[in-house]
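Listed here are the chains, written in short residue letters.
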Amino acid sequence: MNQKIRIGLVGYGNIGRGVELAINQFPDMEGIAVFTRRNPAEVHSVLPAIKIDDILNYKNDIDVLILCGGSATDLPQQGPELAKHFSTIDSYDNHAKIPAYFEDMDNSAKEGQNVSIISVGWDPGLFSINRALFEAVLPVGQTYTFWGKGLSQGHSDAIRRITGVKKGVQYTVPLDQALEKVRKGLNPSLSTREKHMRICYVVSDEGADQSKIEQTIKTMPNYFEPYETVVHFIVEEQFEKDHQQMPHGGFVIRTGESGTGSKQKAEFQLDLESNPEFTSSVLVAYVRAAVKFKKEGKTGAFSVLDVPMSYLSDKSPEQLRKELL
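What counts, and where the lines are drawn
- Residues numbered from 1 in each chain as written.
- Predicted model: local features only at pLDDT ≥ 70, side-chain atom pairs only at ≥ 80, totals over all residues.
- Heavy atoms only, no water.
- Helix = DSSP H or I, 4+ residues; strand = E, 2+ residues; numbered from the N terminus.
- Rg over C-alpha atoms; globule rule 2.2 N^0.38 Å.
- Buried < 20%, exposed > 50% of the residue type's maximum accessible area, 1.4 Å probe, protein only.
- Areas by Shrake-Rupley, 256 points an atom, 1.4 Å probe, with all protein chains shown as cover.
- Lys, Arg positive; Asp, Glu negative; His and termini not counted.
- Charge placed at Lys NZ, Arg CZ, Asp CG, Glu CD.
- Contact = heavy atoms within 4.5 Å.
- Core = buried A, V, L, I, M, F, W, Y, C linked by side-chain atoms within 4.5 Å.
- Pairing = 2+ DSSP bridges.
- Axes fitted to C-alpha atoms, helices over the stretch in contact; angles between N-to-C directions.
- Phe/Tyr/Trp six-rings, centres within 6.5 Å; stacked < 30°, edge-to-face > 60°.
- Lys NZ or Arg CZ within 6 Å of the ring centre and 35° of its normal.
- Right-handed = clockwise from strand over helix to strand, strands pointing away.
- Parallel < 35°, antiparallel > 145°, perpendicular 65-115°, else oblique.
- Left-handed = near helix turned anticlockwise from the far one by under 90°.
- Expected span 1.5 Å × (residues − 1).
- Polar contact = N/O pair within 3.5 Å; in protein donor to acceptor, adjacent residues only side chain to side chain.

Caption draft 1: View of the overall build of the protein chain. Per the secondary structure count, the protein chain includes eleven helices and 14 strands. Taken over the C-alpha trace, the protein chain has a radius of gyration of 21 Å; the compact-globule value for 325 residues is 20 Å, and the two agree within 12%. Projected onto the principal axes, the alpha-carbon positions of the protein chain cover approximately 65 × 55 × 35 Å. In the protein chain, which comprises 325 residues, the share counted as buried stands at 51%. Of the roughly 16000 Å² of accessible surface on the protein chain, 48% is carried by carbon and sulfur atoms. On the protein chain, the mean spot of the 36 positive side-chain charges and the mean spot of the 42 negative ones are 4 Å from each other.

This is the structure:
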């Protein structure tokens, strides 16, 4: 691609800031603007900050919008509306609701003759690809996904949206006993509760009902209800001291048998010092795929499972075959 791909950012939280940094590492990309619901003067971005109400004025200046909002409330509302006007990439991560979200995005993107690639990141995202790959090559077996230990952005965002919560984070912690059984090839049957626990640290507003906040967290469908969840209420000074980093990672493991009953194991691992920065880099890479799909005349929504690996690269097919195959 001779001309740089022009990118707009919607939102400027952790993902938005990460995307702005990531664009600088992609020589075929350029950032155009950050679109925000806040007062643009209060958004300290390198790119120009624009009120989101004015976003349609930039339809001819942007090739792809990266939607940097949260999955709990932002993306379900913003995604379908913006996909009518722009090609989009997002990191929607509520696994249970992905099929419904996909349908909404597909309808809107087709209406606008655009391309929307949804649920991009590492899980859903890169982990999804590895689950599909491992299950395809080891059809007799069992797949396991473990997350953490690390800070989950989506779950932390869900906590912060609860009435009475001033600040909050959630750490996903794999249970060592379960991970050990899987790696030994024992193929255990593990419930959601037997694989992980979720540890939350919350700073509540003055006078807030902490017992109600804790109950709301623990009973939140899809996010916390299926898991063993522990909630710690702490003071703001401790929160600022101990909970500003954003590490994460995890494993996709497939254990199974090949033709003669030989034991086989495939494992993909991520160890991330900065969850949002890594996620942002994945989002930016998928911009290339959206542009290539659009040039081919494709419209509608796609997931990472629909995108050829070569579409993520700025190298030609000939280069890829020579250098990586």
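Text resumes after the structure shown.
Caption draft 2: The arrangement of helix α5 (residues 153–160) in detail. The element α5 is extensively covered by neighbouring structure, given that seven of its eight residues are classed as buried. Within α5, burial applies to Gln153, Gly154, His155, Ser156, Asp157, Ala158 and Ile159. Buried residues along α5 sit in contact with α1 (14–23), β8 (150–151), β9 (165–174), β10 (196–204), α8 (210–218) and α10 (275–295).

Caption draft 3: Layout of the nonpolar core. Among the nonpolar cores identified, the biggest contains 46 residues, and Ile89, Ile117 and Tyr286 are the most heavily contacted of them. Mapped by element, the contributors of at least two residues to this core are β1 (5–10), α1, β2 (29–36), β4 (64–67), β6 (115–117), α4 (126–137), β13 (263–272) and α10. Sort the elements by how many residues they give to this core and α10 lands first, with ten residues. Counting residues in hydrophobic clusters, the runner-up holds 20 residues, among them Ile52, Leu65, Leu67 and Tyr92.

Caption draft 4: Looking closely at the sheet that holds strand β11 (residues 228–233). Taken in spatial order, the four strands of this open sheet run β8-β9-β10-β11, and their pairing is mixed. Each having just a single partner strand, β8 and β11 make up the two edges of the open sheet. The strands that α8 touches are β9, β10 and β11; relative to β11, the one it contacts most, it runs at about 150 degrees.

Caption draft 5: Highlighting the sheet that holds β13. Strands sit in the order β7-β12-β13 across an open sheet of three strands; the sheet is antiparallel. The open sheet has two edge strands with one neighbour each: β7 (141–147) and β13. Adjacent strand axes in the sheet meet at a mean angle of 10 degrees when their direction is disregarded. Pairing analysis gives ten bridges linking strand β12 (residues 248–257) to β13, with the strands arranged antiparallel. Residue pairing in the sheet places histidine 248 in a bridge with leucine 272 of β13. On top of the sheet, α4 reaches β7, β12 and β13; it is set at about 5 degrees to β12, its chief contact.

Caption draft 6: Spotlight on the packing of aromatic side chains. Counted according to the given criterion, the structure contains seven aromatic pairs. Taken together, a centroid distance of 4.1 Å and an interplanar angle of 15 degrees make the contact between tyrosine 92 and tyrosine 101 stacked. This pair shows no difference in class: tyrosine 92 is buried, exactly as tyrosine 101 is. Positioned above the aromatic ring of tyrosine 12, the side-chain terminus of arginine 17 is 5.9 Å from the ring centre.

Caption draft 7: Up close: unusual backbone geometry. Proline 124 follows aspartate 123 through a cis peptide bond whose omega is 0 degrees. Within the element layout of this structure, proline 124 appears in the loop between β6 and α4. Unlike most non-glycine residues, glutamine 113 shows phi in positive territory, near 60 degrees. Relative to the assigned elements, glutamine 113 resides in the loop between α3 (98–111) and β6. The exposure class assigned to glutamine 113 is partly exposed, which follows from its relative accessible area of 49%. The backbone phi angle of serine 119 is positive, close to 55 degrees, even though this residue is not glycine. Along the chain, serine 119 turns up in the loop between β6 and α4. For serine 119, a relative accessible area of 5% corresponds to the buried category.

Caption draft 8: Molecular detail of the pairing of β1. Burial runs high along β1: five of the six residues are buried. Of the pairings in the sheet, the one linking β1 to β2 comprises six bridges and is parallel in character. Counterpart to leucine 9 in the pairing with β2 is valine 34. The handedness of the β1 to β2 crossover, carried by α1, is right-handed. Two elements, β1 and β4, share four bridges in a ladder whose sense is parallel. Bridge pairing in β4 links leucine 9 to isoleucine 66.

Caption draft 9: Local environment of the packing of α1 against α10. Following both chains from N to C, one finds α1 and α10 inclined at 60 degrees, their axes separated by 8 Å at the closest point. With respect to α10, the axis of α1 lies oblique. Relative to α10, α1 is oriented so that their crossing is right-handed. In this structure, α1 contributes Asn14, Ile15, Gly18, Val19, Leu21, Ala22 and Ile23 to the contact, and α10 contributes Pro276, Glu277, Thr279, Ser280, Ser281, Leu283 and Val284.

Caption draft 10: Focus on α10. Under the 1.5 Å per step criterion, the end-to-end length of α10 is 31 Å for 21 residues, consistent within 8% with the ideal 30 Å. Taking burial as the measure, the 21 residues of α10 include 16 buried ones, the bulk of the element. The N-capping residue of α10, defined by a side-chain oxygen 3.3 Å from the backbone nitrogen of glutamate 277, is serine 274.

Distances and angles like these do not, on their own, reveal function.
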